[in-house]
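Now for the letters of each chain:
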Amino acid sequence: MRGALVVLSAVAAVVLAGCGEAVDTAKQTFPRSTVPAGQVDTGTGTSTGKPKTNDPAFSTEELRKLDPCALLSEDILASLGTPANNRTRDFSECSNYMEDKDGKDLNITLYVGETINNATEADQNIGGLPAIESELDDGSACFVSAVTSTNPNFGLRVQVGGEGEDLCATGRTVLTGVVAMVRDDPPQREDKRGSVAGTDPCTLLDTDQIKTAVGANTEMSPYSLHWCNWDGDSVRISVWIRTGYDPKDDTVDPGSPVDIGSGITAYQTVTEGAASCRLEWRHRSTGEDGADEIIEVDFDNSKAPEGDNGCGGAVAIAKLVIPALPKP
């Protein structure tokens, strides 16, 4: 995946919310339990004991089933101020741009199954999971994350932005509610025929297929619940399952149409001066503006022969991905 996408995803605004009784942030405490650097405990944890990851309730398979907007529950948000309508941002992301109790802007965004790059630095405990937080220098936003699994380091990440005070406390309140909901009463997304929302992109390809298709030995590495990479000595392949507008409707740069078989027209974008090619196509229409299900395949080869733009490799990979997808 392109570097810009990596940056956007890594810093994307994220916040979680749960259900249950209203939470009084002035009275609630958050026990701290230090996890040594380089180590994240595994097993089942409690909110007061040593935090642990890899609880089956937070497996990647279970997280992929969740409805992120249902996690931003009315109960939790109302305890913080006046909620607006939740906005779906992607399969695992939801936002609410609301007002706090003082009428100030309070922006909350939830990411489920986000990569936690600094997971080994988690030194807090939220709902029995190792947790970590960071705040912008100007205090305008706070990120709170709970590590749900290791290898890969995935978690629930929260961003709270706004004009109020102690945004980190707000983030901890929301994340505490979400963790409890996921563990005790997880809200699952509606199962729609042909949807790729529940698909693990890392299952769409295997290393033998890749070796046969493009002649590269690769190793698989998941980046998020809906994004997977395969890396070799000079080749990187990425498959990203997301929501968005049909690429053919892009009025700025839709790319060049290309027939990739199975009756599918993808839209191809090439990076000038490199063997780097992206293919995007609509897998399924949802009938909602900007919420169609999109498949993206990226192929990069740093040692490609002169004149190779990488699109042959991208098409070869796309043809392997298509039959592995649910039928729309």
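- The name given to the protein in an unreviewed UniProt entry is DUF3558 family protein, with Actinophytocola glycyrrhizae as the source organism.

So, helix 5 (residues 167–184)
So, point 1. Between the first and last C-alpha of helix 5 there are 26 Å, a value that for 18 residues agrees with the 26 Å anticipated at 1.5 Å per step.
So, point 2. The element helix 5 is extensively covered by neighbouring structure, given that 15 of its 18 residues are classed as buried.

A closer look at the confidence of the model for the protein
So, point 1. Within the protein, residue pLDDT values average 86, and 85% of them lie at 70 or more.
So, point 2. Mean pLDDT values over the elements of the protein span from 37, in helix 1 (residues 3–10), up to 98, in strand 15 (residues 292–301).
So, point 3. In this model, residues 1–45 is a region of pLDDT below 50 whose contacts with residues beyond four sequence positions or in other chains number 148 contacts.

What about the pairing of strand 12 (residues 256–259)?
So, point 1. Pairing between strand 12 and strand 13 (residues 265–270): 4 bridges, direction antiparallel. In the sheet register, S256 faces strand 13, and the bridge partner there is Q268.

Quick word on the pattern of salt bridges
So, point 1. Enumeration over the complete set of coordinates arrives at 14 salt bridges.
So, point 2. Of the charged contacts, one joins K65 and E62 as a salt bridge, the two residues approaching to 3.2 Å between their closest N and O atoms.
So, point 3. Judged by relative accessible area, which is 37%, K65 ranks as partly exposed.
So, point 4. What makes E62 partly exposed here is its relative accessible area of 29%.
So, point 5. With a closest N to O distance of 3.4 Å, R282 and D292 form a salt bridge. Within this pair, whereas R282 is found in strand 14 (residues 276–284), its partner D292 is found in strand 15, the two being separated by 10 residues in sequence.
So, point 6. Residues joined by salt bridges that share partners form a network here, namely R242, R278, E280, E296 and D298.

A short note on the environment of A180
So, point 1. For A180, the position within the fold is in helix 5.
So, point 2. Using a relative accessible area of 34% as the deciding quantity, one classes A180 as partly exposed.
So, point 3. When the C-alpha positions of A180 and I126 are compared, they lie 9.4 Å apart, and in sequence the two are 54 residues distant.

Re the packing of aromatic side chains
So, point 1. Across all of its chains, the model carries 2 aromatic pairs by this definition.
So, point 2. Where Y223 meets W227, the ring centres are 4.6 Å apart and the plane angle is 55°; that geometry is what we call tilted.
So, point 3. Overall, Y223 belongs to the buried group, its relative accessible area being 13%.
So, point 4. Residue W227 is classed as buried on the basis of its relative accessible area, which comes to 2%.
So, point 5. Seen in terms of ring centroids, W227 and W240 are 5.2 Å apart; in terms of plane orientation they differ by 25°. Their pairing is stacked. Taken as a pair, W227 in strand 10 (residues 227–231) and W240 in strand 11 (residues 235–244) lie far apart in primary sequence, 13 residues in all.
So, point 6. By relative accessible area, which is 17% here, W240 ends up buried.

Concerning the environment of N107
So, point 1. By the secondary structure assignment, N107 is in strand 4 (residues 105–115).
So, point 2. Residue classification places N107 among the partly exposed positions, given a relative accessible area of 27%.
So, point 3. Taking the C-alpha atoms as reference, N107 lies 4.4 Å from Y97; in sequence the two are 10 residues apart.
So, point 4. Ignoring anything within four residues of it in the chain, the contact list for N107 reads N96, Y97, M98, Q159, V160 and G161.

What about the state of the cysteines?
So, point 1. Taken as a whole and judged by the stated rule, the model has 4 disulfides.
So, point 2. Covalent S-S linkage joins C277 and C311, the inter-sulfur distance amounting to 2.1 Å. Linking C277 and C311, the disulfide has an S-S dihedral of approximately 90° and is accordingly described as right-handed. Separated by 34 residues along the polypeptide, C277 in strand 14 and C311 in helix 7 (residues 311–321) bring together distant segments of the chain.
So, point 3. Here C311 falls in the buried class, since its relative accessible area comes to 6%.
So, point 4. Described in terms of the sequence order of its bonded cysteines, the disulfide pattern of the protein is 1-2, 3-4, 5-6, 7-8.

Definitions and limits used
Residues numbered from 1 in each chain as written. Predicted model: local features only at pLDDT ≥ 70, side-chain atom pairs only at ≥ 80, totals over all residues. Heavy atoms only, no water. Helix = DSSP H or I, 4+ residues; strand = E, 2+ residues; numbered from the N terminus. Expected span 1.5 Å × (residues − 1). Buried < 20%, exposed > 50% of the residue type's maximum accessible area, 1.4 Å probe, protein only. pLDDT = per-residue confidence, 0-100. Contact = heavy atoms within 4.5 Å. Pairing = 2+ DSSP bridges. Salt bridge = Lys/Arg side-chain N within 4 Å of Asp/Glu carboxyl O. Phe/Tyr/Trp six-rings, centres within 6.5 Å; stacked < 30°, edge-to-face > 60°. Disulfide = S-S within 2.5 Å.

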